[in-house]
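Given next are the chains, with one letter for each unit.
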Amino acid sequence: MEVIETIEILLVEDNPLDAELTMRGLKSGQVAGKVTWLKDGQQALDYLFRAGAHTGRPGGEPRLILLDLKMPRVDGIEVLRAIKADESTRRIPVVIMTSSQEESDVVKSYDLGVNSYLVKPIAFDALTEVARQAGVYWLGMNRSAPR
Amino acid sequence: MLLSGKRSIRQKLLLVVTATTLAALFTSGIAMLYYDFRTSQQAWIRDLTTQADILGRASAPALSFDDPKTARDSLQVLQARPEITAAAIYTAKGRLFASYAAPGLADARLPRLPENDGYEIDRRELQVFKRIIDEREILGTVYLRASHHLLDRTRDYCVILGMVTIIGLLMALALSYRLNAGVAGPIVAMSGVARRVMESRDFSLRVTKTTEDEIGTLADAFNGMLSEIGRRAEILEESNRKLGAEIAERRGAEEALRLSERRNRSLVDASSAVVWSTDGRGRFVEEVPSWSDYTGQARDQYQGLGWRRAFAPEDQSTVEAVWTRALAHPGAFGLELRLWHETTQRHRHVSVRGVPLVGADGTAGEWIGTITDIDDQRRAEQELRELNTELESRVASRTAELEAANKELESFSYSVSHDLRSPLRAVAGFARLLWEDHAAQLDEEAQRKLGFVQSEAQRMGVLIDDLLAFSRLGRQAMQLGPLDMQEMARRVYDRLLAQHAGPPVQFNLGTLPSVQGDRVLMEQVWANFLSNAIKFSAKREHPVIEVGAVSDENEHIYFVRDNGAGFDPRYTAKLFGVFQRLHDAEDFAGTGVGLALVGRIVNRHGGRVWAEGKLDHGATFYFTLPKESADGSD
């Protein structure tokens, strides 16, 4: 039962509208679990490594991280690098969801060990579908790596 | 001179014979004449003296007895000798005792007194006085006078002598004439040959040898000499001919030399170059006008080693070093120095070259060389270098600018893709949410308008994506590899057809040659052409799409033909422009970026694109790809 409680999706997205649409997509896709929305890369790092406002945060690690790339202060690439560099977080699947189709971004993300790279489509249907599939795939199909 | 050179040898011989004969005859004649004259004179004297003595002895008794008669009788005996013209007997005291005169002679012309013993001779007569001595007592004197005819005798003698001489001469002449043929003949013949040789210069002529004496030897010698002279003359002529040729040759060479010298001098005069010469130790000895002209140094300034001062101060050590080395090891040298130029009043770059004239002992006896002004050249090079540097820096700055612009463009693209897409997504997303969550509150008209918002937002999204793809194309590196165009066209067509809903299409795929190219980009080309073909022929009852290729020696020409809507040929030029659409969006969906993208891809592969079409009569799109792969630059 404890396991169910820990199913958690971390959404790092600076654009609230995109965040709302994504969460709506995840919800309509009936992906189980709690979605935590963080507004930028710094918050994501604090949350993951229990620093700053999240010092002493209870609970375990998220099961899936949906990460935007272009964010103020600390961008998605830096967050990704930190996640993949740290032993405690490097096995958490990370899906980049971004508007950028820049090849450099794509290449850099895969170099850093991203699990999936998704370009946010403009059509709402497509967006919800992407979000849903990402959630289903990484939460449902993939077994979490052992701690 | 009788024997002077002008006479012929024959004449000379005759002359010699004549003169010799004459001289011999004459001399012997004179001698004989003289001898005869003397002998007969002596005989006469002796004869008369004896006659006188006889008369004296016979008359001695008559004298002693003073008997003149007896004396006269004894004198009459003289009648027997007609040549005695007169005679007389004188007493011891000198008185005429008896006399006699030859008959017929009127006057006896007797001397009045007797003289001493002796005789007296003149041209005609001989007179003799003889003492009559008896018992050592002088009794008297006998006188006899006779005409001696000596002159007559001499005259006769001379006539005989003259005749003998003439006869002897004639005989000698006759004899010598005969002898001439043997002696002078061969010589005359020889002389004739010699004359002919001299006149005709024909050295092949020979003298015929007729005798074996000295003349024969002479003829042999003459012939030998002729052949020798002939040979010599031939050699001489040959040598003359050679000499003539040599002289002509030398004259030509001299002329060429003169020309070359004149040319060289003109060249030296004409060229701005300084031509210098020094002695073996590098000292200017002769006058070097071109040096003066260039440097402004007077002769006494550059004389000796003074010329060194005309080089720039910073080059002095180089000059010293190079000369020291050159003098130690004579050999050609060349270097660049700065030399004072009087006209421009500054040091100019010059190229100095020198060569030693090395003597037999290996040391340089003299140095000659040139100095060429290369200042303009150096300056031009310097300017060129500066220009190049400037150009390089300009290129670098331009490149930097370009790179900056590229980066800017990249970040702009990034902004567009990210920033523009985000609000668009929000518009589309929330329109959707509005529709999902609040549809009940919207009437039909509101829902229709909300639909437009959604669809237009979506179209704008596609537009942005296409635009980004197009701009990205210019920056992406191409990855060339072999492409099976036929397989690719087939595969792309199949994929497109799967998404297509419309009447069944007749797809005729010809044989397509393979090429080198970027797989992803080339697929995009096929996708564009084929999707266009499908799209624009979709409204036909029997859509036909034909794909094929032709090749020439340089390139392959691929084409995609459909029987669809076609286009107005007037707008052909606009087909491949960005956002150029020839059809209404309502009839045919599209952003107008596709063909521009295709054009760009083909261009990057080194090919061309064009189209042919007619409104409602289909269209054919062509693109070429080179047989040799392009380098992929834009």
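Scoring rules and cut-offs
- Residues numbered from 1 in each chain as written.
- Chains lettered and ligands numbered in written order.
- Predicted model: local features only at pLDDT ≥ 70, side-chain atom pairs only at ≥ 80, totals over all residues.
- Heavy atoms only, no water.
- Helix = DSSP H or I, 4+ residues; strand = E, 2+ residues; numbered from the N terminus.
- Buried < 20%, exposed > 50% of the residue type's maximum accessible area, 1.4 Å probe, protein only.
- Contact = heavy atoms within 4.5 Å.
- Core = buried A, V, L, I, M, F, W, Y, C linked by side-chain atoms within 4.5 Å.
- Phe/Tyr/Trp six-rings, centres within 6.5 Å; stacked < 30°, edge-to-face > 60°.
- Lys NZ or Arg CZ within 6 Å of the ring centre and 35° of its normal.
- Salt bridge = Lys/Arg side-chain N within 4 Å of Asp/Glu carboxyl O.
- Polar contact = N/O pair within 3.5 Å; in protein donor to acceptor, adjacent residues only side chain to side chain.
- Nonpolar A, V, L, I, M, F, W, Y, C, P; charged D, E, K, R; others polar.
- Patch = residues over 30% accessible without salt bridge, like charges linked within 9 Å, V, L, I, M, F, W, Y side chains within 5 Å.
- Areas by Shrake-Rupley, 256 points an atom, 1.4 Å probe, with all protein chains shown as cover.
- Pairing = 2+ DSSP bridges.
- Axes fitted to C-alpha atoms, helices over the stretch in contact; angles between N-to-C directions.
- Expected span 1.5 Å × (residues − 1).
- Bend = angle between axes of the 7 residues up to and from the residue.
- pLDDT = per-residue confidence, 0-100.
- Parallel < 35°, antiparallel > 145°, perpendicular 65-115°, else oblique.
- Left-handed = near helix turned anticlockwise from the far one by under 90°.

### Regarding the overall build of chain B
Phase 1: For chain B, the count of helices and strands is 12 helices and 16 strands.
Phase 2: Among the 634 residues that make up chain B, the fraction classed as buried is 35%.
Phase 3: The long-range share in chain B, meaning contacts at least 24 apart out of those at least 6 apart in sequence, stands at 60%.

### Focus: the nonpolar core
All names here are of chain B.
Phase 1: Among the nonpolar cores identified, the biggest contains 40 residues, and M485, M522, W526, F529, L530, I545 and F623 are the most heavily contacted of them.
Phase 2: Among the secondary structure elements, those contributing two or more residues to this core are α10 (485–498), α11 (519–537), β13 (544–551), β14 (555–562), α12 (594–604), β15 (609–613) and β16 (619–626).
Phase 3: Per-element tally for this core: the top contributor is α11, with 9 residues.
Phase 4: Once you skip the residues sitting within four places of it in the chain, F623 turns out to touch M485, M522, V525, W526, F529, H556, I557, Y558, V602, R608 and V609.
Phase 5: Counting residues in each nonpolar core, the second largest holds 25 residues, with I84, A87, F97 and I132 among its members.

### Remarks on the packing of aromatic side chains
Each aromatic ring pair is specified by the distance between its two centres and by the angle formed by the two planes.
Phase 1: In the structure shown here, the tally under the stated rule is 21 aromatic pairs over all chains.
Phase 2: Seen from their ring centres, F129 of chain B and Y143 of chain B are 5.0 Å apart, and the 35° between their planes marks the pair as tilted. Here F129 of chain B is found in strand β4 (residues 125–134), whereas its partner Y143 of chain B is found in strand β5 (residues 137–147), with 14 residues between them in sequence. When sorted by exposure, F129 of chain B lands in the same class as Y143 of chain B, which is buried.
Phase 3: Between R57 of chain A and the ring centre of Y47 of chain A, over which it is positioned, the NZ or CZ distance is 3.8 Å.

### With respect to the interface of chain A and chain B
Phase 1: Taken together, the contacts link 24 residues of chain A with 25 residues of chain B.
Phase 2: The interface formed by chain A and chain B holds 3 salt bridges in total.
Phase 3: Across the salt bridge formed by R24 of chain A and D437 of chain B, the nearest N and O atoms sit 2.5 Å from each other.
Phase 4: Our enumeration of links across chain A and chain B arrives at 3 residue pairs in polar contact (both at pLDDT 80 or more).
Phase 5: Of all elements in the fold, only α2 (16–28), α5 (103–111) and α6 (124–141) of chain A reach the threshold of two or more residues within the side of chain A that touches chain B.
Phase 6: Ranked by the residues each element gives to the side of chain A that touches chain B, the list is headed by α2 of chain A, at 5 residues.
Phase 7: Here the residues of the side of chain A that touches chain B sort into 9 nonpolar, 5 polar and 10 charged.

### With respect to a nonpolar patch on the surface
Residue and element names in this part refer to chain B.
Phase 1: The grouping of V159, M163, I167 and M171 at the surface amounts to a nonpolar patch, some 420 Å² of accessible area in total.
Phase 2: Topologically, I167 is positioned in helix α3 (residues 150–200).
Phase 3: Its relative accessible area of 47% is what places I167 among the partly exposed residues.

### Side note on the sheet that holds β5 of chain B
Residue and element names in this part refer to chain B.
Phase 1: Taken in spatial order, the 5 strands line up as β2-β1-β5-β4-β3 in an open sheet, and their pairing is antiparallel. In the strand order of this sheet, the two ends are held by β2 (96–101) and β3 (118–121), each with one partner. Averaged over all neighbouring strand pairs, the angle between strand axes comes to 10°, with direction disregarded.
Phase 2: Judged from the 10 bridges that link them, β4 and β5 form a sheet pairing that is antiparallel. Within the sheet, the bridge partner assigned to D134 lies in β5 and is E137.
Phase 3: Together, β1 (84–91), β2, β3, β4 and β5 form the strand contacts of helix α1 (residues 9–64), whose direction differs from that of β5 by roughly 140°.
Phase 4: Sitting on the sheet, helix α2 (residues 68–76) is in contact with β1 and β2, with an inclination near 25° to β2.

### Regarding the environment of S292 of chain B
All names here are of chain B.
Phase 1: Note on placement: S292 falls in helix α5 (residues 289–295).
Phase 2: Once the C-alpha coordinates of S292 and Y302 are considered, the two residues, 10 residues apart in sequence, prove to be 8.3 Å apart.
Phase 3: Once you skip the residues sitting within four places of it in the chain, S292 turns out to touch Q297 and Y302.

### Things to note about α1 of chain B
Residues and elements named next belong to chain B.
Phase 1: Look at α1: 81 Å from first C-alpha to last across 56 residues, which is about the 82 Å you get at 1.5 Å a residue.
Phase 2: The largest bend in α1 amounts to roughly 35° and is located at A58, with the proline P61 lying one to four residues further along.
Phase 3: The positive-phi residue at the C-terminal boundary of α1 is D66, with phi of around 50°.

### A word on α12 of chain B
Residues three or four positions apart in an α-helix share a direction because the helix packs 3.6 residues into each turn.
All names here are of chain B.
Phase 1: By the criterion of burial, α12 is predominantly enclosed, with 8 of the 11 residues buried.
Phase 2: Within α12, burial applies to L595, A596, L597, V598, G599, I601, V602 and R604.
Phase 3: Just downstream of α12, G606 is the residue with a positive phi angle, here 90°.

### A closer look at the confidence of the model for chain B
Phase 1: Of the residues in chain B, 92% have a pLDDT of 70 or more, and the chain-wide mean is 82.
Phase 2: Between residues 630–634 of chain B, whose pLDDT stays under 50, and residues either more than four places distant or in other chains, the model counts 10 contacts.

### Here's the deal with the packing of α10 of chain B against α11 of chain B
Helix-helix packing: each pair is described by the crossing angle between the helix axes and the interaxial distance.
All names here are of chain B.
Phase 1: Viewed as axis vectors pointing N to C, α10 and α11 meet at an angle of 50°, and their least axial separation amounts to 9 Å. It follows that α10 is oblique to α11 by the angle criterion. Judged by the twist between their axes, the crossing of α10 over α11 is right-handed. Of the residues in α11, those in contact with M485, M488, A489, R491, V492, Y493, R495, L496 and L497 of α10 are R519, M522, E523, W526, A527, L530, S531 and I534.
Phase 2: Residue composition of the contact of α10 with α11, grouped by class: 12 nonpolar, 1 polar and 4 charged.

### So, the sheet that holds β15 of chain B
All names here are of chain B.
Phase 1: Read from one edge of the open sheet, 5 strands run β11-β13-β14-β16-β15, paired in mixed fashion. Here the strands that pair on one side only, and so sit at the sheet edges, are β11 (506–509) and β15. Strand-to-strand twist in this sheet, taken as the mean axis angle between neighbours without regard to direction, amounts to 15°.
Phase 2: As judged from the 8 bridges shared by β14 and β16, these two strands associate in the antiparallel manner. What sits directly across from F559, in β16, is Y622.
Phase 3: Here α10 sits on the sheet in contact with β11, β13, β14 and β16, set at roughly 165° to β11.

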